[in-house]
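The chain contents come next:
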Amino acid sequence: MDRRTFGKTALGLAGAAAVTLGMGAGSALAQQKMKVGFVYVGPVSDFGWSYEHDRGRLAVEKALGDKVTTTFVENVPEGADAERVIDQLASTGHKVIFTTSFGYMNPTLKVAQRHPNVMFEHATGYKRSKNLATYAARFYEGRTVIGLIAGKMTKKNVIGYIGSVPIPEVVSGINAFTLALREVNPKAEVRVVWVNSWYDPGKEADAAKALIDQGVDIIVQHTDSAAPVQTAQERGIYVFGQASDMSRFGPKAHLTAIVDDWSFYYVDRVKAALDGTWKPIDTWGGIKSGMVGIAPYNPAIPADVVAMAEKAKADIMAGTRHSFTGPIKDQSGKVMIPAGKHATDEQILKMDWFVEGVVGKLPK
């Protein structure tokens, strides 16, 4: 498939966004294809969040062939720039538009209201309308699995966690990781550093270095670049990657990673748009659905620890293990989830408190 890249002036886009359009062999054929657009908060080369979403876009092209043509816009800041980019896609014939960052929620809703005949899909948000669906993954399930591994692999009992922005998705991930960590290692604690960005290799590397200087021997990231993995490799400690298998950037350091797989969802939703069955649903898939996976394990992880991780995955899939099973206390010792109870989806989606074992306060 040939590609042309248009600068921001040609499309009236603000910021550093670059637009890539998949073009058909002829104009008549192109007019028959359904145009599908994707908006990314980072570059497709981040090997994390945006990289995995773009793998989903490519899966759409592979699965649906000459029925579709796809467009992606990368490096789109959350806010006014996002609204302009999304509106431009809607105004240029795109019938399905996927906006893939939490901060795109309100811009996507505004544009959806202006373009009622376009089908919009927003990742990790909660606002829906007649032509706006939402989807997300239960990332916290994967963080339960890596928390168990970390509890067995740490020697210093101090884990560093690089947080992006303090939204419930990230907070629930920190809490799920910490609960699993302390399940197998009650003495362990988690220190969080916020970089207030989804993708900033410089800040992520600095955060990793600061945590290592504080004495952590394992780093977890909820940011999108490979910088923490590279830093861990350089400094000789272990690390868990984010969104994709990042082992190429630190083969000795990288224990495993949570892998986001959007491919089947994107293919199914575009198929629904093509056959007229698309509806504005809400999807929240986890390990069982295939949206959340675990990358290959580092050979440094002992066989019994791998077996423990695999059992946790199997139990989550079977519904016999829940990441948030009470009693769970917050940092002050207050019981937030009673004994024998699971956190509800609503509680997880609104989580704005840290569990015991997390060092530091949650920014407000």
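Remember, predicted model here, so these are calculated numbers, not experimental data.

**Things to note about the environment of Phe-72**
Item 1. On the secondary structure map, Phe-72 appears in strand β4 (residues 68-74).
Item 2. Take Phe-72: its relative accessible area is 7%, and that puts it in the buried class.
Item 3. In the structure, Phe-72 is positioned 140 residues away from Ile-212 in sequence and 37 Å away in space, judged by C-alpha atoms.

**Overview of helix α7 (residues 168-184)**
Item 1. Helix length check: α7, at 17 residues, gives a terminal C-alpha distance of 25 Å against a target of 24 Å (1.5 Å per residue), a fit within 8%.
Item 2. With respect to burial, α7 is a largely interior element, 12 of its 17 residues being buried.
Item 3. If you check which residues of α7 are buried, you get Glu-169, Val-170, Val-171, Ser-172, Gly-173, Ile-174, Asn-175, Ala-176, Phe-177, Thr-178, Ala-180 and Leu-181.
Item 4. Where the residues of α7 are buried, they touch α6 (139-153), β8 (158-163), β9 (189-194), β10 (218-221), α12 (345-349) and β17 (358-359).

**Thoughts on the side chain of Asp-224**
Item 1. If you trace the backbone, Asp-224 turns up in the loop between β10 and α9 (227-235).
Item 2. Nearest to the buried, unbridged Asp-224 among oppositely charged side chains is Arg-143, at 7.8 Å.
Item 3. Once residues lying within four places of it in the same chain are set aside, the contact partners of Asp-224 are Asp-46, Phe-47, Gly-48, Trp-49, Trp-198, Tyr-199, Glu-204, Gln-242 and Met-246.

**Quick notes on α6**
Item 1. For α6, spanning 15 residues, the distance from its first C-alpha to its last is 21 Å, which sits close to the expected 21 Å at 1.5 Å a residue.
Item 2. Counting buried positions along α6 gives 14 out of 15 residues, so the element sits mostly inside the fold.

**Let's talk about the pairing of β4**
When a strand is regular, its side chains alternate between the sheet's two faces.
Item 1. Counting buried positions along β4 yields 7 of 7 residues, so the element is predominantly enclosed.
Item 2. Bridge analysis of strand β3 (residues 34-39) against β4 gives 6 bridges, and the strand direction is parallel. Bridge pairing in β4 places Val-36 opposite Thr-70.

**Some words on the nonpolar core**
Item 1. Phe-98, Phe-120 and Phe-177 are the most contacted members of the largest nonpolar core, which totals 94 residues.
Item 2. With 8 residues, the top contributor of residues to this core is α6.
Item 3. When residues no more than four places from it in sequence are discounted, the contact partners of Phe-177 are Arg-143, Ile-146, Gly-147, Ala-150, Ile-159, Tyr-161, Val-190 and Val-220.
Item 4. Listed in part, the 16 residues of the second largest apolar core include Ala-207, Leu-211, Val-216 and Val-239.

**Focus on the packing of aromatic side chains**
Item 1. For the structure on display, the rule yields 18 aromatic pairs.
Item 2. Ring plane angle 80° and centroid distance 5.8 Å describe the contact between Tyr-135 and Tyr-266, whose orientation is recorded as edge-to-face. Of this pair, Tyr-135 sits in strand β7 (residues 132-137) while Tyr-266 sits in helix α10 (residues 263-275), placing them 131 residues apart in sequence. Each of the two residues, Tyr-135 as well as Tyr-266, counts as buried.

Rules used throughout
- Per chain, the residues get numbers from 1 upward, laid out in the order the sequence is written.
- Restriction of local features to residues with pLDDT of at least 70 applies here, the model being predicted, together with a cutoff of 80 or more for giving and counting side-chain atom pairs; totals for whole chains, interfaces and linings are based on all residues.
- Neither water nor hydrogens contribute to the side-chain values; these are computed over all heavy atoms in the structure.
- For the purposes of this entry, the term helix denotes a DSSP run of H or I that reaches at least four residues, the term strand denotes a run of E that reaches at least two, and both are numbered from the N terminus.
- Per-residue accessibility, obtained with a 1.4 Å probe over protein chains only, is compared with the maximum for each type, and a residue is labelled buried under 20%, exposed over 50%, and partly exposed between these values.
- The span one expects for a helix is its residue count, reduced by one, times 1.5 Å.
- Residue contacts are defined here by distance: any two heavy atoms, one from each residue, within 4.5 Å place the two residues in contact.
- In this tally, Asp and Glu contribute negative charge and Lys and Arg positive charge; neither His nor the terminal groups of the chain are included.
- Only one rule defines a salt bridge in this text: a Lys or Arg side-chain nitrogen within 4 Å of an Asp or Glu carboxyl oxygen.
- DSSP calls a pair of strands paired once it identifies at least 2 bridges connecting them.
- Here the nonpolar core consists of buried residues drawn from Ala, Val, Leu, Ile, Met, Phe, Trp, Tyr and Cys, with membership extended through side-chain atoms lying within 4.5 Å.
- Here a Phe, Tyr or Trp ring, Trp counted by its six-membered ring, pairs with any other such ring whose centre lies within 6.5 Å, and the pair is stacked when the planes are under 30 degrees apart, edge-to-face when over 60, and tilted otherwise.

Read these as layout, nothing more, since geometry by itself doesn't imply function.
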